[in-house]
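Single-letter residue listing:
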Amino acid sequence: MKITTKYILRSIVFNSFLMLFVLSSLFALFDLIAEFKNIGTHNYSFLSVLIFVALKIPIYINSTLVLAISMGVIVALGSLVDSKFTIILQSSGVTKKDLTKQVIFITFFISLILTILGELSANFSEVSSKNYKNSQLGRFISSKQVSNFWVIEGSSIYHFDKNLDGRTIQGFTKYDFDNKDLVSIHSSDKAIVDQNKLLIAPGEKLTLGQDGKFRTFEKQPSESEQINYFLDSDVI
């Protein structure tokens, strides 16, 4: 590699990573402020917020990658012009066309490597950060399959047979516990997820009586329950 190419590469890499750091820090700061409202919920502390934001760093980097490299190239070229580097190159026989080719090649090479690394790490970061936040907030997912998955929320366990469209659930069962003792079972053929509300269609409900036996109540009226975990098509 020529000395001029090394110099240009070093300048572009340094400025690109500098811009990447600045932009990613801004995204992290916004998320940090947004998460303050959840502090105090279950085990979610300020340290949990910091860990959650740290786990999302690859997502921030992947989101700002193109802009950061573009800004880094512009800043690098500006610094090269200010340092009279281009004049020295032209006086030594290097044309503007040759310089442009080197900059394009270096930019393409850096973009390709960082994009591949960013895509690989961002997927892992999204899953790990979401799972960590849910665990600290007391929201747990036993399975993330499209069908047959569970959600634990407080003293209740929700079982969903199948997600039809990210909002409509086919086959729903809710198990209510009191100090680890099962007290009621509510099953329905259909449930609708509306943001963090669960709208349950009429179904069958079994309630534990004082005699220790379950009693069956059929065709219960529709009811709306608040479920803190936000169910969406990505999770389901």
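Keep in mind that what you see is a predicted model, and the values were worked out from it rather than measured. (Residues numbered from 1 in each chain as written. Predicted model: local features only at pLDDT ≥ 70, side-chain atom pairs only at ≥ 80, totals over all residues. Heavy atoms only, no water.)

Please clarify how the nonpolar core should be interpreted in this entry.
Burial of nonpolar side chains together is a common tendency in soluble globular proteins. With 16 residues, the main nonpolar core has Ile8, Ile12, Ile69 and Ile110 as its most contacted residues. Secondary-structure elements contributing two or more residues to this core are helix H1 (3-34), helix H3 (57-82) and helix H5 (96-136). Per-element accounting of this core gives the leading share, six residues, to H3. (Core = buried A, V, L, I, M, F, W, Y, C linked by side-chain atoms within 4.5 Å. Buried < 20%, exposed > 50% of the residue type's maximum accessible area, 1.4 Å probe, protein only. Helix = DSSP H or I, 4+ residues; strand = E, 2+ residues; numbered from the N terminus.)

Would you mind showing me how to read the side chain of serine 184 here?
Structurally, serine 184 can be placed in strand E5 (residues 181-194). Given a relative accessible area of 8%, serine 184 falls into the buried group. For serine 184, the side chain forms a polar contact with the side chain of aspartate 176, separated by 2.8 Å. (Polar contact = N/O pair within 3.5 Å; in protein donor to acceptor, adjacent residues only side chain to side chain.)

Would you mind showing me how to read the environment of serine 63 here?
With respect to the helices and strands, the residue serine 63 is situated in helix H3. Serine 63 sits in the exposed class, given a relative accessible area of 52%. Of the polar contacts made by the side chain of serine 63, one reaches the backbone oxygen of isoleucine 59; its length is 2.8 Å.

Help me understand the packing of aromatic side chains in this model?
How two aromatic rings sit relative to each other is given by the distance of their centres and the angle of their planes. All chains considered together, the criterion is met by six aromatic pairs. Look at phenylalanine 36 and phenylalanine 46: their rings are 6.2 Å apart centre to centre, the planes differ by 35°, and that puts the pair in the tilted class. Of this pair, phenylalanine 36 sits in the loop between H1 and helix H2 (46-55) while phenylalanine 46 sits in helix H2, placing them 10 residues apart in sequence. Summarising the aromatic geometry, the rings of tyrosine 158 and phenylalanine 160 are spaced 6.4 Å apart at their centres and angled 10° between planes, so their arrangement reads as stacked. A residue is classified by how much of its surface remains accessible, and tyrosine 158, at 3% relative accessible area, is buried. Members of the aromatic cluster, connected to one another through ring pairs, are Tyr158, Phe160 and Phe172. (Phe/Tyr/Trp six-rings, centres within 6.5 Å; stacked < 30°, edge-to-face > 60°.)

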